[in-house]
Amino acid sequence: MNQCIFCNKENIVTDFVYEDEMVMAFMDMDPINEGHVLLVPKNHYLDVDEVPDDVLAHLMIISKRIVSALKEIYRPDGYSIMQNGGAFNDIGHYHLHIFPRYDGDGFGWNYGQEPKEVNGEIAKRIREKIR
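The structure reproduced in this document is the subject of the present report. Quantities reported herein were computed from a predicted structural model and do not represent experimental measurements.

## Some remarks on helix α1 (residues 53-74)
(1) Moving on: Compared with the 32 Å implied by 1.5 Å per residue over 22 residues, the 31 Å span of α1 between its first and last C-alpha is a close match.
(2) Moving on: Looking at α1, one finds that the buried residues are Val55, His58, Leu59, Ile62, Ser63, Ile66, Val67 and Leu70.
(3) Moving on: Elements in contact with the buried residues of α1: β1 (16-19), β2 (23-27), β3 (37-41), β4 (78-82) and β5 (96-101).
(4) Moving on: Directly beyond the C-terminal end of α1, a positive phi value near 50 degrees is found at arginine 75.

Here is the structure:
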């Protein structure tokens, strides 16, 4: 039996905002800001590179609709769409966080300050793997 909460819709105890044959969207139980929505494919995937292209395209289309709704309702200064992969996916099921953003809302992008390389060789290695 699959223990993934997102694969067992009946165990999701928050309000749904959208659902179709491929995806479902519901309110985050621990929102960064009011209006924080999780958008989830109905089939189980961990990482973005596992999700079929048609499902990814559909996720982006629905995320666009959610952003439009959030902008109309909340009139935010902006919005964020985030996805964490691998060990940083705390649920273990691919999902997008979509939430309104405001100047001074306290949400930030934090990372270590040690120097990182940025050069043509790194770009070349990535470019070769994309092909």
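## Details of the nonpolar core
(1) Moving on: Residues Leu39, Val51, Leu59, Ile66, Tyr94, Leu96 and Ile98 are the most contacted members of the largest nonpolar core, which totals 15 residues.
(2) Moving on: Among the secondary structure elements, those contributing two or more residues to this core are β2, β3, α1 and β5.
(3) Moving on: Residues in contact with tyrosine 94, not counting those within four places in the same chain, are Val40, Pro41, Tyr45, Leu46, Asp47, Val48, Val51, Leu56, Leu59, Gln83 and Asn89.

## Quick notes on the pattern of salt bridges
(1) Moving on: Counted under the stated rule, the structure contains five salt bridges.
(2) Moving on: A salt bridge links lysine 124 to glutamate 128; the shortest N-O distance between them is 4.0 Å. Here glutamate 128 and lysine 124 lie together in helix α2 (residues 120-130), a separation of four residues that amounts to about one turn.
(3) Moving on: Through salt bridges with shared partners, one network takes in Lys9, Glu19 and Lys42.

## Considerations on the packing of aromatic side chains
(1) Moving on: All told, the structure shown has three aromatic pairs when counted by the stated rule.
(2) Moving on: The interplanar angle of 70 degrees and the centroid separation of 5.3 Å between the aromatic rings of phenylalanine 6 and phenylalanine 26 together place this pair among those described as edge-to-face. In this pair, phenylalanine 6 is assigned in the segment before β1 and phenylalanine 26 in strand β2, connecting sequence segments 20 residues apart.
(3) Moving on: Taking the centre distance of 5.4 Å and the plane angle of 55 degrees together, the rings of phenylalanine 16 and phenylalanine 26 count as tilted.

## Some words on the side chain of histidine 93
(1) Moving on: Mapped onto the secondary structure, histidine 93 falls in the loop between β4 and β5.
(2) Moving on: A distance of 3.4 Å separates a polar side-chain atom of histidine 93 from the backbone oxygen of asparagine 43.
(3) Moving on: In this structure the side chain of histidine 93 is engaged in a polar contact, spanning 3.1 Å, whose partner is the side chain of histidine 44.

## A short note on the pairing of β3
(1) Moving on: Burial analysis of β3 places five of its five residues in the buried class, the great majority of the element.
(2) Moving on: Burial along β3 is two-sided: the residues Val37, Leu39 and Pro41 and Leu38 and Val40 are all buried.
(3) Moving on: Here β2 pairs with β3 via five bridges, running antiparallel. From the neighbouring strand, valine 23 faces β3, where its bridge partner is proline 41.
(4) Moving on: Where β3 meets β5, three bridges bridge the pair, whose relative direction is antiparallel. Among the inter-strand pairings, valine 37 is bridged to a residue of β5, identified as isoleucine 98.

## Overview of the environment of isoleucine 73
(1) Moving on: Mapped onto the fold, isoleucine 73 is located in helix α1.
(2) Moving on: Here isoleucine 73 falls in the exposed class, since its relative accessible area comes to 60%.
(3) Moving on: In sequence terms isoleucine 73 and proline 100 are 27 residues apart; their C-alpha atoms lie 9.8 Å from each other.

Analysis parameters
Residues numbered from 1 in each chain as written. Predicted model: local features only at pLDDT ≥ 70, side-chain atom pairs only at ≥ 80, totals over all residues. Heavy atoms only, no water. Helix = DSSP H or I, 4+ residues; strand = E, 2+ residues; numbered from the N terminus. Expected span 1.5 Å × (residues − 1). Buried < 20%, exposed > 50% of the residue type's maximum accessible area, 1.4 Å probe, protein only. Contact = heavy atoms within 4.5 Å. Core = buried A, V, L, I, M, F, W, Y, C linked by side-chain atoms within 4.5 Å. Salt bridge = Lys/Arg side-chain N within 4 Å of Asp/Glu carboxyl O. Phe/Tyr/Trp six-rings, centres within 6.5 Å; stacked < 30°, edge-to-face > 60°. Polar contact = N/O pair within 3.5 Å; in protein donor to acceptor, adjacent residues only side chain to side chain. Pairing = 2+ DSSP bridges.

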